Amino acid sequence: MPLIAARPRPTPRADAIPAPPLRRGGSNKTDARAAVAELRQQIDGAGAACVLVFFSPAYDRGDMLAALKEAFGSTPVFGCTTAGEITPFGYISGGLSGISFPAKDFAVHSALFENLSEFQIADTIDRTHQLVSRRHAEALGRPGFGLLLVDGLSTREEQLVSAIGNAMAGLPLIGGSAGDGLDFKSTVVLHGGRLVNDAAILLLITTRRTFSVFKTEHFVPTEHKMVVTGADLETRRVFEINAEPAALEYARLVGLSHEALTPKIFAAHPVVVRVAGQYHVRAIQKVNPDNSLTFHCAIDEGLVLTVARGIDIVENLHELFRRLEREIGPLDAIVGFDCVLRNLETEQRNLKAAVSDLFVANRVTGFCTYGEQYMSMHVNQTFTGVAIGRT
């Protein structure tokens, strides 16, 4: 699949003065207060426009809120629960990761969208327009990007990111859906000292730094196609494929028995849909007792899906990082959103350590998601994010 980047900033001049490095951190301590204290030592937060924190759902939420307030005081802290964390020392699970954005180089405007179950497109567009207008009034012509964190169990990502993406007035948009390990029970976002479910956070980040938002995946379509002949768009469940029970037909097409269908199988054998000439993954979350399939994104009847096969994920990432550095110069930090199914696939193929090492080498901080946002689309089984240069 092609690598895609959006709106890279110009490559810095040779005589440009590097800014102080963005401060990134992580902790695998299981106690929330101890983990946050360790993160605070690494990223400080004093003089920051905001701090991003991505944390395991295993932490006690009350302890997490109290610890973050104590550690960062009046500095705005945004974040969400995860299905795994990406830290300066690589992939972890059961901990937290974070990054601070110094106010001298960044400005942040935020909005909280609550009650996504009662999503209203007109209200979402209007609120996004208002936020963009405030940013533009204070940005003094500086560029910026949007970062969207969404409750990963809200099932409203498609509607939300489409409405927001189309109201961004040319600002690129990336983000991730909050995770809950592999439990799929409760995901939350963090805004204004509150942990909120059925909600999303939109951050508009203005910066004088070079940057580039991106999306990449490592799949190509095969000849095996399927037509969705029974589905419920609202619940993201597919009941029939090719007029057969969905799980049974999917298993037949990938050459397995339906008893073998697990998240690792879904990660290794995704399906893709073609939109505007490009293929995008539509990831399967689970098989249900009635042999229906629940997806990580909305699937409608009549949609033609194609079984995909993987290409070299490590080389795909190598090329991404090389290209980002060509576009914006030396990389200071990458805020990355990596689908949990990619994590499972690399683990299954004994490539997780290699990918983790690549993330460390290229200064990635972020989390494993239940889905990713890119421009005006909700996508699956991708790695999206924003690369920020040193100047």
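My aim in this report is to walk through the structure given alongside it, one point at a time. Because the structure is a prediction, the values reported are computed rather than measured.

What to know about the overall build of the protein
Right, on to step 1. Counting its regular elements, the protein contains 9 helices and 27 strands.
Right, on to step 2. In summary, the protein has a C-alpha radius of gyration of 20 Å against a globular reference of 21 Å for 391 residues, a match within 12%.
Right, on to step 3. Residues counted as buried form 57% of the 391 residues belonging to the protein.
Right, on to step 4. Of the accessible surface of the protein, which amounts to about 14,800 Å², a share of 50% is contributed by carbon and sulfur atoms.
Right, on to step 5. Of the side-chain charges in the protein, 38 are positive and 42 negative, and the distance between the mean point of each set is 8 Å.

Section: the packing of helix 7 (residues 313–328) against helix 9 (residues 352–361)
Right, on to step 1. In contact at an axis separation of 10 Å, helix 7 and helix 9 are set at 10° when each is read in the N-to-C sense. With respect to helix 9, the axis of helix 7 lies roughly parallel. Mapping the contact onto sequence places I313, V314, L317, H318 and F321 in helix 7 and A354, V355, L358 and F359 in helix 9.
Right, on to step 2. Considered class by class, the residues forming the contact of helix 7 with helix 9 number 8 nonpolar, 1 polar and no charged.

Quick word on the sheet that holds strand 13 (residues 200–207)
Sheet strands pair by backbone hydrogen bonding; their relative direction is either parallel or antiparallel.
Right, on to step 1. Spatially, 8-13-9-10-25-26 is the arrangement adopted by the 6 strands of the open sheet, whose pairing is mixed. Each edge of the open sheet is held by one strand with a lone partner, namely strand 8 (106–113) and strand 26 (377–379). Across the sheet, the mean angle from the axis of one strand to that of its neighbour is 20°, orientation sign disregarded.
Right, on to step 2. Sitting on the sheet, helix 4 (residues 157–165) is in contact with strand 8, strand 9 (144–150), strand 10 (173–177), strand 13, strand 25 (372–374) and strand 26, with an inclination near 160° to strand 9.

Topic: the pattern of salt bridges
Pairing is possible between side chains that carry opposite charge, provided their charged atoms lie close to one another.
Right, on to step 1. Evaluation of the coordinates by the stated rule reveals 22 salt bridges.
Right, on to step 2. For R194, the salt bridge is made with E114, and the minimal N-O distance between the two is 3.0 Å. Here R194, found in strand 12 (residues 194–196), pairs with E114, found in the loop between strand 8 and helix 3 (121–139); they are 80 residues apart in sequence, far enough to count as distant.
Right, on to step 3. Here E345 ties to R349 by a salt bridge, and the two come within 3.1 Å at their closest N and O atoms.
Right, on to step 4. Take R349: its relative accessible area is 38%, and that puts it in the partly exposed class.
Right, on to step 5. Shared partners join several salt bridges into a network, and the residues in it are D105, R208, R209, D332 and R363.

Remarks on the nonpolar core
Right, on to step 1. Core analysis: the largest hydrophobic core is formed by 33 residues, its most contacted members being L317, F321, L324, I334, F359 and F383.
Right, on to step 2. Among the secondary structure elements, those contributing two or more residues to this core are strand 19 (278–282), helix 7, strand 23 (331–339), helix 8 (340–348), helix 9, strand 24 (364–369) and strand 27 (383–389).
Right, on to step 3. The element that contributes the greatest number of residues to this core is helix 7, accounting for 7 residues.
Right, on to step 4. If we skip the residues at most four places from it in the chain, L317 touches R342, V355, L358, F359 and F383.
Right, on to step 5. Core analysis: the second largest hydrophobic core is formed by 31 residues, F78, L112, F145 and A333 among them.

Some remarks on the sheet that holds strand 12
Right, on to step 1. With respect to topology, 6 strands assemble into an open sheet ordered 2-7-3-4-11-12, the strand pairing being mixed. Since the sheet does not close on itself, it has two edges, and those belong to strand 2 (23–27) and strand 12, each with one partner. When strand polarity is set aside, the average angle formed by the axes of neighbouring strands in this sheet is 20°.
Right, on to step 2. The pairing of strand 4 (residues 77–81) with strand 11 (residues 189–191) spans 2 bridges and is classified as antiparallel. Counterpart to G79 in the pairing with strand 11 is L190.
Right, on to step 3. Of the strands in this sheet, strand 2, strand 3 (48–55) and strand 7 (96–102) are in contact with helix 1 (residues 32–43), which crosses strand 2 at around 160°.

Here we look at unusual backbone geometry
Right, on to step 1. Located in the positive-phi region is D44, a residue other than glycine, with phi close to 65°.
Right, on to step 2. Here D44 shows up in the loop between helix 1 and strand 3.
Right, on to step 3. Classification of D44 as partly exposed rests on a relative accessible area of 22%.
Right, on to step 4. Even without a glycine there, the phi angle at L140 is positive, about 55°.
Right, on to step 5. Locating L140 in the fold gives a position in the loop between helix 3 and strand 9.

Notes on the pairing of strand 23
Right, on to step 1. With 9 of 9 residues buried, strand 23 is to be regarded as a mostly interior element.
Right, on to step 2. Here strand 23 runs beside strand 27; their pairing, made up of 7 bridges, is antiparallel. Across the sheet, the residue bridging to F337 is T384, located in strand 27.
Right, on to step 3. Relative to strand 24, strand 23 is paired through 6 bridges, and the arrangement is parallel. Each residue of the ladder has a partner; that of F337, found in strand 24, is F367.

Some details on the pairing of strand 20 (residues 284–287)
Right, on to step 1. The sheet contact formed by strand 20 and strand 21 (residues 293–295) spans 3 bridges and is antiparallel. The residue bridging V287 from the neighbouring strand is L293, located in strand 21.

Side note on the packing of aromatic side chains
Right, on to step 1. Under the counting rule described, the total for this entry stands at 12 aromatic pairs.
Right, on to step 2. On the basis of an interplanar angle of 55° and a centroid distance of 5.2 Å, the ring pair of F214 and F383 is categorised as tilted. Taken together, the residues F214 in strand 14 (residues 211–216) and F383 in strand 27 connect sequence positions 169 residues apart.
Right, on to step 3. For F383, a relative accessible area of 0% gives the class buried.
Right, on to step 4. Feature note: the residues Y91, F214, F321, F359 and F383 constitute an aromatic cluster, connected by ring pairs.
Right, on to step 5. Lying across the ring of F113, R127 places its NZ or CZ 4.6 Å from the centre.

Reading the values: rules and limits
- Residues numbered from 1 in each chain as written.
- Predicted model: local features only at pLDDT ≥ 70, side-chain atom pairs only at ≥ 80, totals over all residues.
- Heavy atoms only, no water.
- Helix = DSSP H or I, 4+ residues; strand = E, 2+ residues; numbered from the N terminus.
- Rg over C-alpha atoms; globule rule 2.2 N^0.38 Å.
- Buried < 20%, exposed > 50% of the residue type's maximum accessible area, 1.4 Å probe, protein only.
- Areas by Shrake-Rupley, 256 points an atom, 1.4 Å probe, with all protein chains shown as cover.
- Lys, Arg positive; Asp, Glu negative; His and termini not counted.
- Charge placed at Lys NZ, Arg CZ, Asp CG, Glu CD.
- Axes fitted to C-alpha atoms, helices over the stretch in contact; angles between N-to-C directions.
- Parallel < 35°, antiparallel > 145°, perpendicular 65-115°, else oblique.
- Contact = heavy atoms within 4.5 Å.
- Nonpolar A, V, L, I, M, F, W, Y, C, P; charged D, E, K, R; others polar.
- Pairing = 2+ DSSP bridges.
- Salt bridge = Lys/Arg side-chain N within 4 Å of Asp/Glu carboxyl O.
- Core = buried A, V, L, I, M, F, W, Y, C linked by side-chain atoms within 4.5 Å.
- Phe/Tyr/Trp six-rings, centres within 6.5 Å; stacked < 30°, edge-to-face > 60°.
- Lys NZ or Arg CZ within 6 Å of the ring centre and 35° of its normal.

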